[in-house]
Amino acid sequence: MSTQLAAVRGMNDVLAGQMPAWQHLEQVTRTLFAEYGFQEMRVPIVEHTQLFKRAIGEFTDIVEKEMYTFSMSADESLTLRPEATAGIARAAITNGLLRGARLKLWTSGPMFRHERPQKGRYRQFHQIDIEALGFPGPDVDAEIIAMTARMWRRLGITRVKLKLNSLGTTESRRVYREKLVAYFQQHADVLDEDSRRRLGGNPLRILDSKNPAMQAVISGAPLLTEHLDPESREHFEGLTAMLAASNIDYVLDPRLVRGLDYYSRTVFEWVTDALGAQDAVCSGGRYDGLITQLGGEATPAVGFAMGVERIVELMQQTGATFAAPSPQVYVVIAGSRAGRAALALVERLRDELPGIAFETNAGGGNFKAQFRRADRSGAPLALVLGDDELERGVAQLKPMRQEGVQIEVPLAELAGRIPALLKSLQG
RNA sequence: GUGGACGUAGCUCAGCUGGUAGAGUCCCGGAUUGUGAUUCCGGCUGUCGCGGGUUCGAGUCCCGUCGUCCACCCCA
């Protein structure tokens, strides 16, 4: 309750009780990505500020007001990464990974954005991130979307739906943007304050406005989908055809634009109605121009990021429970000589029975308390070692989770008896 | 950055119209001195977020402040 010792606002501890759910998500995605041929890589949490400005865009909210930026010297400005794509793209360039190569990569870790914390939105949050570099066609777009659909199935998550749009190429978007600006300028009198500000920087985001008063103007605005260049249209039709053939449902959303400037052509967003206002759980798209823009050789690319905290929340809402594994044998100790002998005995059992989880009572406690801990540990079997047993060269084995008789076993035979006993108790 | 709600034992919370704090849970001990989860008995823990004000007296009223949550905004 002390206020002088507090965590930084928006930065949460992930306590031990939460970790089984996190680990389940990590294990499911790690397996899935490997099945689709993606390889893990890791990039730094800190990059030069300039990288994010160039990649994400000067006029985005992220760059304008959400970055954790600090300077180490007068000419070195560094930033805690607000997303992963820029770092991956930079790494591909600086490590010489491109040269026409096709790379399927994934990474994960903490991201930082200085926003007001809210349900599903934190200042340090975690993303799992996929990037496919060097693939120009819609086939990879479709494949990574199919992969996410499979991921929801494996996680048992059903309250998500896929929104899809195409932003066209940078050039076609420029033409469209001019028309859009002209349209909104004609209706400048009904624009709200935010929208007027965006008119100069990123007019496409006006389309995203949730302000009810704006909906009439927005619905009359020219549609991006009607201004796509032929190649982008063909790309998008290829994508939707492949999704349809794979029975992946999607909703076309011509208003779907992204908050990051680097996207082109395909953009998609998995949204949920189960998390309150922060409804995006997994989203991304194509960024064919980014690597060139950062100084690398022209390389088409597509990727997405998903929010770990949000997905864990969805997993828990399905009613599934995630528990840390219980020990299999809890060792109860009675007497000081038994206490001194217990470690060596259990170490020997660990040598003989690798893979079996023993928890030896530590921290004292009387017999009753030790059995209470044994019970709460969830262990199916208790091993009792007292001074009396030690003297006679035996130990007691007592089933904890179901009816069964306690048996006395010579110490030398424990390793031979425990596996079968556990099997009968768990089967 | 803007708005609303809330901040009482480790945890979940109760404290009506102001009279100097309680329950459950957890933890510890006991109920045949070596056997748990049920039951019974006993015990421990609180600067009632912080600071100031009103009052004979404030957890309860007022102001400020910090924090949490939710929403706007934006996004994962």
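Keep in mind it's a predicted model, so treat the numbers as computed, not measured. (Residues numbered from 1 in each chain as written. Chains lettered and ligands numbered in written order. Predicted model: local features only at pLDDT ≥ 70, side-chain atom pairs only at ≥ 80, totals over all residues. Heavy atoms only, no water.)

Caption draft 1: Looking closely at the packing of aromatic side chains. In this structure the tally under the stated criterion is eight aromatic pairs. Taking 6.4 Å as the distance between ring centres and 80 degrees as the angle between the ring planes, the aromatic pair formed by Y68 and F112 counts as edge-to-face. Of the two residues, Y68 sits in strand β3 (residues 68–73) while F112 sits in strand β5 (residues 103–112), which places them 44 residues apart along the sequence. What makes Y68 buried here is its relative accessible area of 19%. Ring pairs connect the aromatic residues Y262, Y263 and Y287, which therefore count as one cluster. (Phe/Tyr/Trp six-rings, centres within 6.5 Å; stacked < 30°, edge-to-face > 60°. Helix = DSSP H or I, 4+ residues; strand = E, 2+ residues; numbered from the N terminus. Buried < 20%, exposed > 50% of the residue type's maximum accessible area, 1.4 Å probe, protein only.)

Caption draft 2: Layout of the domain arrangement of chain A. When cut into domains, chain A gives domain 1 (19–169 + 229–317) and domain 2 (329–422). Placing a centre on the C-alpha atoms of domain 1 and another on those of domain 2 gives a separation of 50 Å. (Domains from an automatic or database assignment.)

Caption draft 3: Region of the structure containing the pattern of salt bridges. Scanning all chains against the criterion turns up 18 salt bridges. One salt bridge connects K65 with D61, and the closest N-O pair in it is separated by 3.8 Å. Here K65 pairs with D61, and both are found in helix α3 (residues 61–66), just four residues apart, close to one helical turn. What makes D61 partly exposed here is its relative accessible area of 22%. The salt bridge involving K163 is made with D253; its shortest N-O contact spans 3.4 Å. Of this pair, K163 sits in strand β7 (residues 160–166) while D253 sits in the loop between β8 (251–252) and β9 (264–272), and the two are 90 residues apart along the sequence. Owing to a relative accessible area of 18%, K163 belongs among the buried residues under this scheme. A single network of salt bridges, built from pairs that share partners, joins R30, E40 and R42. (Salt bridge = Lys/Arg side-chain N within 4 Å of Asp/Glu carboxyl O.)

Caption draft 4: How the structure looks around helix α5 (residues 138–155). Relative to the 26 Å expected for 18 residues at 1.5 Å per residue, α5 spans 26 Å between its end C-alpha atoms, a close match to the ideal helical length. G156 occupies a position one or two residues after α5 and carries a positive phi of about 75 degrees. (Expected span 1.5 Å × (residues − 1).)

Caption draft 5: Representation of the protein's contact with RNA strand B within the structure. In the vicinity of RNA strand B lie 49 residues, with R198, R258, G259, R376 and M400 positioned nearest. For RNA strand B, the fraction of protein-proximal atoms (within 4 Å) that sit in sugar or phosphate groups is 58%. At 2.6 Å, a side-chain N or O of R9 approaches a phosphate oxygen of RNA strand B. Side-chain polar atom of Q127 to a sugar or linking oxygen of RNA strand B: 2.8 Å apart, as the coordinates give it. Every element with two or more residues in the surface near RNA strand B is listed here: α3, β6 (124–133), α7 (193–201), β10 (280–286), β11 (301–307), α13 (367–377) and α14 (387–392). Among the elements that make up the surface near RNA strand B, the one with the highest residue count is α13 (eight residues). Looking at side-chain class alone, the surface near RNA strand B contains 14 nonpolar, eleven polar and 24 charged residues. (Near = heavy atom within 4 Å. Polar contact = N/O pair within 3.5 Å; in protein donor to acceptor, adjacent residues only side chain to side chain. Nonpolar A, V, L, I, M, F, W, Y, C, P; charged D, E, K, R; others polar.)

Caption draft 6: Representation of the sheet that holds strand β15 (residues 394–399) in the model. Overall, mixed pairing links the five strands, which are arranged β13-β12-β14-β15-β16 in an open sheet. Of all strands in the sheet, those with a lone pairing partner are β13 (358–360) and β16 (407–410), marking the two edges. Along the sheet, successive strands turn relative to each other by an average axial angle of 30 degrees, direction set aside. Bridge count between strand β14 (residues 381–386) and β15: four bridges; the pairing is antiparallel. Its bridge partner being in β15, V384 is matched across the sheet by Q396. (Pairing = 2+ DSSP bridges. Axes fitted to C-alpha atoms, helices over the stretch in contact; angles between N-to-C directions.)

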